[in-house]
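A closer look at the structure
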Amino acid sequence: MAIKDYIRERFFPHLWCPGCGHGIVLNGLLRSVEALGLHKNEIVMVSGIGCSSRISGYVDCHTLHTIHGRALAFATGVKMSRPELKLLVPMGDGDALAIGGNHFIHAARRNIDITAIVMNNRVYGMTGGQYSPLSGYGASATTAPYMNIDQDFDVVQLATAAGASFVARATTYHVQQLADILGKAIMHPGFAVVEVLTQCPTYFGRKNREGSAVDMVERFKTHTTPIGSKAKAENPALIERGIFAQKETPEYCSEYQKIVERARKGR
Ligand SMILES: Cc1ncc(C[n+]2csc(CCOP(=O)(O)OP(=O)(O)O)c2C)c(N)n1
Ligand code: SF4
């Protein structure tokens with residue numbers, strides 16, 4: 001199948017602002033799915049609410065556009081009933097880690113075979129630029145005009161500690177690495193978390209004087225480095241990107257199937 005076959009053209013033009021990073025994430029996702037040769041019917045995309053969550057409107061696979069923060073709960077239900085399908089759950093940082101934080105850590109703890117993509121633009125884009133759990137200390141937001149004093153989560157560390165068996169970070173600058181990591185996450189048999197550093201020029205960029213969308217994307221080039229690089233040792237402030245964890249641990253649906261078989265046998 002060609003990339004255009006995975007797109008729901010009737011939903012275009014999309015609603016993202018010029019320069020928004022969410023379209024780059026969609027691009028990476030479509031490239032990874034096409035490279036894997038997955039059929040549309042094998043994929044279920046479940047999203048909540050947010051600019052990021054609108055991505056489910058644009059892909060022509062099975063899609064569920066649900067409620068804010070609850071995408072992983074819906075996806076868990078779908079996966080439990082149809083474990084042979086590939087579940088993709090794109091989420092904003094607010095969606096995944098503010099209102100949806102509990103679902104996130106428990107999906108990771110269960111190691112259910114779902115690919116969670118955290119589109120981290122450090123802000124609530126859709127509702128007008130409020131700060132999120134990933135805005136970071138010192139950031140400006142509509143709801144923090146004098147400065148945000150909340151510390152942020154490290155998504156990679158949180159997901160790893162909670163039990164996710166595949167954990168990675170990518171950016172909208174490193175588009176080939178983004179598609180490659182997403183492909184590996186989709187094929188990983190367990191809970192896979194991919195944090196994607198992405199830009200919201202309209203709110204985060206404007207409020208934090210980060211310049212144009214291009215300036216924001218270039219910051220992902222200059223402020224990140226491959227995991228374990230020499231540059232990281234010299235400059236600890238650099239953010240690492242790549243695959244942090246990729247391990248085989250019991251997957252939830254497989255374990256559940258064992259219980260079903262035990263119940264059938266009566267022991
Ligand atoms: C239960 C509920 N609470 C709040 C909202 C309002 N709301 C919609 S999207 C959103 C935040 C969006 O931010 P994020 O998830 O980071 O995604 P982005 O828009 O930045 O991509 C909020 C608070 C809602 N729709 N439902
Ligand atoms: S408000 Fe921000 S996150 Fe939403 S579409 Fe515009 S640039 Fe993208």
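Preceding this section is the structure that the text describes.
Let us look at the structure shown here. Since the model is a prediction, treat every value here as computed from it, not as a measurement. (Residues numbered from 1 in each chain as written. Chains lettered and ligands numbered in written order. Predicted model: local features only at pLDDT ≥ 70, side-chain atom pairs only at ≥ 80, totals over all residues. Heavy atoms only, no water.)

As paired strands, strand β5 (residues 166-171) and strand β8 (residues 239-246) are joined by four bridges and run antiparallel to one another. Opposite A168, over in β8, you have I243 as the bridge partner. With three bridges connecting them, strand β7 (residues 224-226) and β8 associate as parallel partners. Bridge pairing in β8 places T225 opposite E240. (Pairing = 2+ DSSP bridges. Helix = DSSP H or I, 4+ residues; strand = E, 2+ residues; numbered from the N terminus.)

With that settled, consider the site of ligand 1. In the neighbourhood of ligand 1, 17 residues make up the surrounding shell, with C51, S52, G94, D95 and G125 lying closest. At 3.1 Å, a side-chain N or O of N121 approaches an oxygen atom of ligand 1. For ligand 1, whose accessible area on its own is 590 Å², the fraction buried by protein is 74%. Take the shell around ligand 1: its biggest share by element is three residues, from helix α4 (residues 93-97). For the shell around ligand 1, the per-class residue count stands at six nonpolar, nine polar and two charged. (Near = heavy atom within 4 Å. Polar contact = N/O pair within 3.5 Å; in protein donor to acceptor, adjacent residues only side chain to side chain. Areas by Shrake-Rupley, 256 points an atom, 1.4 Å probe, with all protein chains shown as cover. Nonpolar A, V, L, I, M, F, W, Y, C, P; charged D, E, K, R; others polar.)

In the neighbourhood of ligand 2, the contacting residues comprise W16, C17, C20, H22, C51, N121, G125, C200, P201, T202 and Y203. Counting residues per element, the shell around ligand 2 draws most heavily on helix α8 (residues 201-207), at three residues. Partitioning the shell around ligand 2 into residue classes produces seven nonpolar, four polar and no charged.

The next thing to look at is helix α3 (residues 71-81). Inspection of α3 places A71, L72, A75, T76, V78 and K79 among the buried residues, and these make up the whole buried set. Buried residues in α3, looked at end-on, bunch into an arc of 170 degrees, giving them a common side. Its buried side turned inward, α3 meets β1 (43-47), β2 (62-65), β3 (86-92), α5 (101-110), β4 (114-120) and α11 (252-265). (Buried < 20%, exposed > 50% of the residue type's maximum accessible area, 1.4 Å probe, protein only. Arc of directions from axis to C-beta. Contact = heavy atoms within 4.5 Å.)

The next point concerns the sheet that holds β5. Spatial strand order, β2-β1-β3-β4-β6-β5-β8-β7: eight strands in an open sheet with mixed pairing. Each end of this open sheet is capped by a strand with a single partner; those strands are β2 and β7. Going from strand to strand, the sheet's axes swing by 20 degrees on average, the running direction of each strand aside. Summarising the sheet, β1 and β3 pair through three bridges and their orientation is parallel. Bridging across to β3, I43 finds its partner in K86. Relative to β7, helix α9 (residues 213-222) is tilted by about 40 degrees, and along the sheet it contacts β5, β6 (192-197) and β7. (Axes fitted to C-alpha atoms, helices over the stretch in contact; angles between N-to-C directions.)

Let us now look at the packing of α3 against α5. Packed helix pairs are characterised by how far apart their axes lie and by the angle those axes make with each other. Packing of α3 against α5 leaves a shortest axis separation of 9 Å and a crossing angle of 35 degrees. You can see that α3 and α5 cross each other, and the crossing is left-handed. On the side of α3, the interface is formed by L72, A73 and T76, while α5 contributes H103, F104, A107 and R110. (Left-handed = near helix turned anticlockwise from the far one by under 90°.)

Following F12, the chain continues into P13 via a peptide bond in cis, with omega recorded as 5 degrees. Mapped onto the elements, P13 comes out in the segment before α1 (22-36). Its identity as a non-glycine residue notwithstanding, N111 has a phi of 55 degrees, on the positive side. N111 sits in the buried class, given a relative accessible area of 2%. Phi at M147 is positive, roughly 135 degrees, even though this residue is not glycine. Residue position: M147 is located in the loop between β4 and α6 (155-162). Relative accessible area serves as the criterion here: at 35%, M147 is assigned to the partly exposed category.

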